[in-house]
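Architecture and fold: a report
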Amino acid sequence: MLSLRREHAALFREGGYEGLAVEGPLARHVVAFARRYEGRVLVVMAGRLFAGIAHGAESGAPMLPNAAAWRGTRVVLPEELERAGFENALTGEALSVNGRAVSLDEAFVRMPWAALKS
């Protein structure tokens, strides 16, 4: 994320901040926002409060929830981003937008956070 911030300094410094709605069974376990500047968009989503949703957490070892745990939970994008294509800046994977939403079981396949750039 620090490299991304360095590469797109104006987006972080001058870009508008917009909190995004999260819907679904694990909505309270996610924070999401978008930053926009001169046609560039960055959508950041991060899981939180993992206790109780991470499989194997009862063993005492720190665990993160797997992608299946996020099924049914989604981040709702602003209308004008409905047709945007995104790449996860942290993994390089392309991500599709379904309607106006990003499904977290797709976005959180490798880890429960993502930084999507348009």
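Note: the structure precedes this text.
Read on for an overview of the structure.

1. A short note on the pattern of salt bridges
The full count for this structure, using the stated rule, is five salt bridges. A salt bridge links R71 to D105; its shortest N-O distance comes to 3.8 Å. Linking R71 in the loop between β4 (40–47) and β5 (74–76) with D105 in helix α3 (residues 104–107), this pair joins segments that are 34 residues apart in sequence. Accessibility expressed as a relative area gives 55% for R71, which makes it exposed. By relative accessible area, D105 is classed as partly exposed at 22%.

2. Points about the side chain of T73
As for its position among the elements, T73 is in the loop between β4 and β5. T73 sits in the buried class, given a relative accessible area of 1%. Side-chain polar atoms of T73 contact the backbone nitrogen of L26, separated by 3.1 Å. The residues contacting T73, other than those within four sequence positions of it, are V22, E23, G24, P25, L26, A27, V102, S103 and L104.

The rules behind these values
- Residues numbered from 1 in each chain as written.
- Predicted model: local features only at pLDDT ≥ 70, side-chain atom pairs only at ≥ 80, totals over all residues.
- Heavy atoms only, no water.
- Salt bridge = Lys/Arg side-chain N within 4 Å of Asp/Glu carboxyl O.
- Helix = DSSP H or I, 4+ residues; strand = E, 2+ residues; numbered from the N terminus.
- Buried < 20%, exposed > 50% of the residue type's maximum accessible area, 1.4 Å probe, protein only.
- Polar contact = N/O pair within 3.5 Å; in protein donor to acceptor, adjacent residues only side chain to side chain.
- Contact = heavy atoms within 4.5 Å.

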